[in-house]
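For reference, the chains in residue letters:
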Amino acid sequence: MQFPGLFSLIILLTDDNPAHTEQGLAVACSLSDITGAEIASFSVPKLKGLRRFIAGKRKVQLLTGRREETLSWLNYAKGGTLLHSVSALFKQRKIKDNSSKTIIISAGSETAAYNLAVASAWNVACSVIGNPEGVGTKPFEFVIIPEYEKQPAEPNILKIVTPPNNIGGKELDEKAKALLEKRKADGSRIWPLLVGGSGADNSMDPEKLRLLAAKLACRAEACGMQIYAGTSSRTDRKCLAVLQKLAEQNEAVHCLLPEEYGEDLHYALMGITDPVFCTEDLFGEISEAVTADRKVVLLRTACTKGLKQKISRLTGRLVENGALQRFRAHGTARNNMVYDRFKRHGKLQEFENWLLYCGTKETPSSGLDGETSVWRNFNEARRAAKWIAESLAE
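Residues numbered from 1 in each chain as written. Predicted model: local features only at pLDDT ≥ 70, side-chain atom pairs only at ≥ 80, totals over all residues. Heavy atoms only, no water.

Re the nonpolar core
Grouped together as the largest cluster of nonpolar side chains are 36 residues, with contacts concentrated most on I11, L13, F42, W73, L82, Y114 and F140. Taken together, the elements giving at least two residues each to this core come down to β1 (9–14), β2 (38–43), α3 (67–76), α4 (80–92), α5 (109–122), β4 (125–129) and β5 (142–146). Among the elements that line this core, the one with the most residues is α5, at nine residues. Setting aside residues no more than four positions away along its own chain, Y114 makes contact with L13, V44, P45, L47, W73, L74, A77, G79 and L82. Formed by 32 residues, the second largest nonpolar core is a distinct cluster that contains Y148, L265, L269 and I272. (Core = buried A, V, L, I, M, F, W, Y, C linked by side-chain atoms within 4.5 Å. Buried < 20%, exposed > 50% of the residue type's maximum accessible area, 1.4 Å probe, protein only. Helix = DSSP H or I, 4+ residues; strand = E, 2+ residues; numbered from the N terminus. Contact = heavy atoms within 4.5 Å.)

A closer look at the confidence of the model for the chain
On average, residues of the chain score 88 in pLDDT, and 88% of them are at 70 or above. When the criterion is pLDDT under 50, residues 360–374 qualifies, and its contacts beyond four places in sequence or with other chains add up to 25 contacts. (pLDDT = per-residue confidence, 0-100.)

A closer look at the packing of α4 against α5
Between α4 and α5, the least distance of the axes is 11 Å, while the angle of their chain directions is 45°. Overall, the two elements α4 and α5 adopt an arrangement that is oblique. In terms of crossing hand, the pair formed by α4 and α5 is right-handed. Two secondary-structure elements touch here, α4 through L82, L83, V86, S87 and F90 and α5 through Y114, V118, A121 and W122. Here the contact of α4 with α5 is composed, by residue class, of eight nonpolar, one polar and no charged. (Axes fitted to C-alpha atoms, helices over the stretch in contact; angles between N-to-C directions. Parallel < 35°, antiparallel > 145°, perpendicular 65-115°, else oblique. Left-handed = near helix turned anticlockwise from the far one by under 90°. Nonpolar A, V, L, I, M, F, W, Y, C, P; charged D, E, K, R; others polar.)

Observations concerning the packing of aromatic side chains
As enumerated under the stated definition, the model contains 10 aromatic pairs in all. Relative to W122, the ring of F90 has its centre 4.8 Å away and its plane inclined at 85°; by these criteria the two rings are edge-to-face. One end of the pair, F90, is in helix α4; the other, W122, is in helix α5, with 32 residues separating them in the sequence. Classification of F90 by relative accessible area gives buried; the value is 0%. Between W191 and W354, the aromatic rings sit 5.2 Å apart at their centres with planes inclined by 85°, giving edge-to-face as the arrangement. With a gap of 163 residues between them, W191 in strand β7 (residues 190–194) and W354 in helix α14 (residues 351–357) connect regions that are remote in the sequence. Residue class for W191 comes out buried when judged on its relative accessible area of 7%. Residue classification places W354 among the buried residues on the basis of a relative accessible area of 6%. Among the aromatic residues, those joined into a ring-pair cluster are W191, F277, F351 and W354. Above the ring of Y76, the side-chain terminus of R51 is found at 4.6 Å from the ring centroid. (Phe/Tyr/Trp six-rings, centres within 6.5 Å; stacked < 30°, edge-to-face > 60°. Lys NZ or Arg CZ within 6 Å of the ring centre and 35° of its normal.)

Examining the environment of C255
Position of C255 among the secondary structure elements: in strand β9 (residues 253–256). Separated by 10 residues in the primary sequence, C255 and K245 have C-alpha atoms spaced 9.3 Å apart. Those residues within four positions of C255 in sequence are excluded, and the remaining contacts are A229, T231, L240, L243, Q244 and A247.

Describing the pattern of salt bridges
Here the structure, examined in full by the defined rule, presents 18 salt bridges. The salt bridge involving R66 is made with E69; its shortest N-O contact spans 3.5 Å. On the basis of relative accessible area, R66 is assigned to the partly exposed category, the value being 41%. A salt bridge links R341 to E147; the nearest nitrogen and oxygen atoms lie 2.7 Å apart. Taken together, the positions of R341 in helix α13 (residues 331–344) and E147 in the loop between β5 and β6 (157–160) put the pair 194 residues apart, joining distant regions of the chain. Judged by its relative accessible area of 17%, R341 falls in the buried class. Taking relative accessible area as the criterion, E147 reaches 22% and is therefore assigned partly exposed. Overlapping salt bridges bring together E280, R300, D340, K343 and E350 as one network. (Salt bridge = Lys/Arg side-chain N within 4 Å of Asp/Glu carboxyl O.)

If you want it as structure tokens, here you go:
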């Protein structure tokens, strides 16, 4: 559905977090696609130390609705230049105060306050992605929050499954084509394996990776397939050594490094074919693969030892049993909630389950051929944009 002319200008505010920039850009581009609006991007100031702390405490000034309080906060938070730049663009585009043709979009708590301040100064609509700490959700016309965040249902809140992303099947196809040409390979005979690594919420177990990759290699040999295992900058030496040794021992396995094939290696592999095999730590890539209508097979490679893992498993069980609200889960438990949603809608399958049904006519009731039609056009950025447009068009 199109809404031509609903907006003429979309202001995108970004910080220095690439994930936030991608989320904001995804929604802005989707909204631009259905309205024809121009997108203009501005960076918010990066505050440090005491000024950042005090600016955070003073965000309550933005809730008063008084222009002088808004300008006072902006000046203290070094947002004067930002307001001046946006105002200059508005003047150039002949956009007046209280314009219904303009909306400001941002992602992340750091940009949320600047979003609200500039929108308040010009009396234009504002939309934030994520939980806007310090100012709450009420001042924003449109709040887009993943289901696992701590927020009750409100008319101005859209709960989405995963953070929005701007990935597209055509983009993946182009990256895959470049990789295949470089390797002189036939994409129809390749199973892509995306390997992550340890992070703040989990640690990868090299032994689990070895066992699962070996099983995949055996199945690949039996099916006449090749495995392209792409690592990332987070893949540690032990896990990398596991893959390289497997590649030395098995001609069907090829270990690809980002140092040789670029930082877009995972996206190139993602574009080759279905299914895409992913280690469970790759939450972002898995969400992007689903958005690009790729089927995902999940490899459980996380280490089960350590305090963080124990806390995550405990909170996950408490949430599952109803003893803890969903938003209390974090890390692996939070990821598993999203993975469970993907599984129920036929977008993701556990590796062990895939082994049972690969190459047979039978499929599990909750597997890849589940409720695929329900989520055939799954795209949270597009859904958020449509929600904003339909809300204003009513």
